[in-house]
Amino acid sequence: MALEDEINQDELIEGLKRQVVSLQRDARRKHDSQLELVAAVREAAYDAAVLVGKPKPVLKPVRSMGKQKPLVPLLHLTDWQTGKKTISYDSDVAVRRVRHVINTTRELADLMRHVHPINEIVVAFGGDMMEGLGVFPGQVYEVDATAYQQLLTVAHLEAECILSLLEDFQKVTVKSVPGNHGRIGRKGDMPKEDNLDLIAYELARAYLGEQKRLDWQENLQWHDHIVIGNYKALLIHGDEVKGGSAGTPVPPLQRKITQWAAGGGPPEEWDDVYLGHWHQNVVTTLPGGGMVRMTPSSESGSIYASQTMGAAGVPAQRLMFIHPGKGRVISEQLIWLEDVT
Ligand SMILES: [Mn+2]
């Protein structure tokens, strides 16, 4: 056999081998296609949320913008409860809903840019970004991931949100507070600082690598302070407010925040308050004119919410546009999520 033929023969054999492997793979796939498809989709969703290596600094965006006064979006991301499993929610749905919020925010900011310069954004992480484990008895039956998995998914997702926003905004500022679901063990077992939310924020900051246009300071307190020009607001998780009745926490919420405003609260100056925790959309005005905005969760189908509050909240996150000169919100919207499944 000529050398040329031998090579061709070898190639042929190699080609056939590859084909056999591929056919075997196909056969196996068809065999449990249903199961494999489900597994593949789950894996893809997780993989996509996982960053590989340290990201390079994101390139500074260049945008043409309108001539009116500049605006700053304030995006309130809260109560993702990642890891919670209900009839319409699980870890994968959480990832898809969060991505939808980020994409919608980028689109809305682009629309506003026709009229107003928008160079920066403030992100407020409100806590309970993961469901946790052992927060209440029997919780282990209502999750699809261990605390370790939840922690990694959330930290990657938070980092991904910031990287995505850095593509569109010259400056990204992040404020963050822990929630009650990040608690490790039963209430009072461990110091407040031992909280999965706080660990995820720290991991996310580490994943982000060197991003010069990002300002995200560690905050171990139960409140954080949002300052956008003349606009000042308080960010809390919301479990500080106790004693809601008949499905609404509004009376105790108003009472507590009015007490804080009278000097019993955090020492910083603030007009508005942002909170989550209650998985409801509530906007209420304080006697002094400040606005309290309670943002829904991205979760849906909660039996607990149905039973205790008489309403399984409709999932959403909240986006405000702040006029830094006037020091107030000039427009806001809920980004509804029930169609993102
Ligand atoms: Mn909570």
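Residues numbered from 1 in each chain as written. Predicted model: local features only at pLDDT ≥ 70, side-chain atom pairs only at ≥ 80, totals over all residues. Heavy atoms only, no water.

## Notes on the sheet that holds strand β1 (residues 72-77)
- In spatial order, the strands read β4-β3-β2-β1-β10-β11; together these six strands make up an open sheet with mixed pairing. For this open sheet the edge positions go to β4 (214-216) and β11 (328-336), each flanked by a neighbour on one side alone. Ignoring strand direction, the axes of neighbouring strands in this sheet form an average angle of 20°.
- Pairing geometry for strand β3 (residues 171-176) and β4, over three bridges, is parallel. Looking at the pairing, Val 172 lines up with Leu 214 of β4. (Pairing = 2+ DSSP bridges. Helix = DSSP H or I, 4+ residues; strand = E, 2+ residues; numbered from the N terminus. Axes fitted to C-alpha atoms, helices over the stretch in contact; angles between N-to-C directions.)

## Thoughts on the environment of Ala 155
- Within the secondary structure layout, Ala 155 lies in helix α4 (residues 147-166).
- Sequence-wise, Ala 155 and Ala 200 are 45 residues apart; in three dimensions their C-alpha atoms are separated by 4.6 Å.
- Every residue in contact with Ala 155, bar those within four places of it in the chain, is listed here: Ala 200, Leu 203, Ala 204 and Tyr 207. (Contact = heavy atoms within 4.5 Å.)

## With respect to unusual backbone geometry
- Although it is not a glycine, Gln 81 adopts a positive phi angle of roughly 50°.
- Within the secondary structure layout, Gln 81 lies in the loop between β1 and α3 (91-112).
- The class for Gln 81 is buried, based on a relative accessible area of 1%.
- Positive phi is not limited to glycine here, since Asp 128 has a value of about 55°.
- Of note, Asp 128 is situated in the loop between β2 (120-125) and α4.
- Judged by its relative accessible area of 1%, Asp 128 is buried. (Buried < 20%, exposed > 50% of the residue type's maximum accessible area, 1.4 Å probe, protein only.)

## Focus on the coordination of the manganese ion
- At this site the manganese ion is bound by Asp 128 (OD), Asn 180 (OD1), His 237 (NE2) and His 277 (ND1), with donor distances of 2.0 to 2.2 Å.
- Coordination of the manganese ion draws on donor residues from a single chain, spaced D-x51-N-x56-H-x39-H in sequence. In this pair, Asn 180 sits in the loop between β3 and α5 (196-208) while His 237 sits in the loop between β6 (231-236) and α6 (250-264), placing the two residues 57 residues apart along the sequence. (Donors = N, O, S within 2.8 Å, 3.2 Å for Na, K, Ca; no water.)

## A few points about the layout of surface pockets
- The volume enclosed by the largest pocket comes to roughly 1,100 Å³.
- For the lining of the largest pocket, the element with the most residues is helix α7 (residues 303-309), which contributes four residues.
- Counted by class, the lining of the largest pocket contains 13 nonpolar, twelve polar and 13 charged residues.
- Roughly 200 Å³ of internal volume is contained in the second largest pocket.
- Lining the second largest pocket are 16 residues; nearest its centre among them are Trp 260, Ala 261, Trp 270, Asp 271 and Leu 286.
- Class assignment of the residues belonging to the lining of the second largest pocket gives a composition of eight nonpolar, six polar and two charged. (1 Å grid on protein atoms, 1.4 Å probe; cavity = no way out; pocket = protein on both sides within 12 Å on 5 of 7 lines; lining within 4 Å. Points joined across faces, edges and corners; volume = space filled by probe spheres on them. Nonpolar A, V, L, I, M, F, W, Y, C, P; charged D, E, K, R; others polar.)

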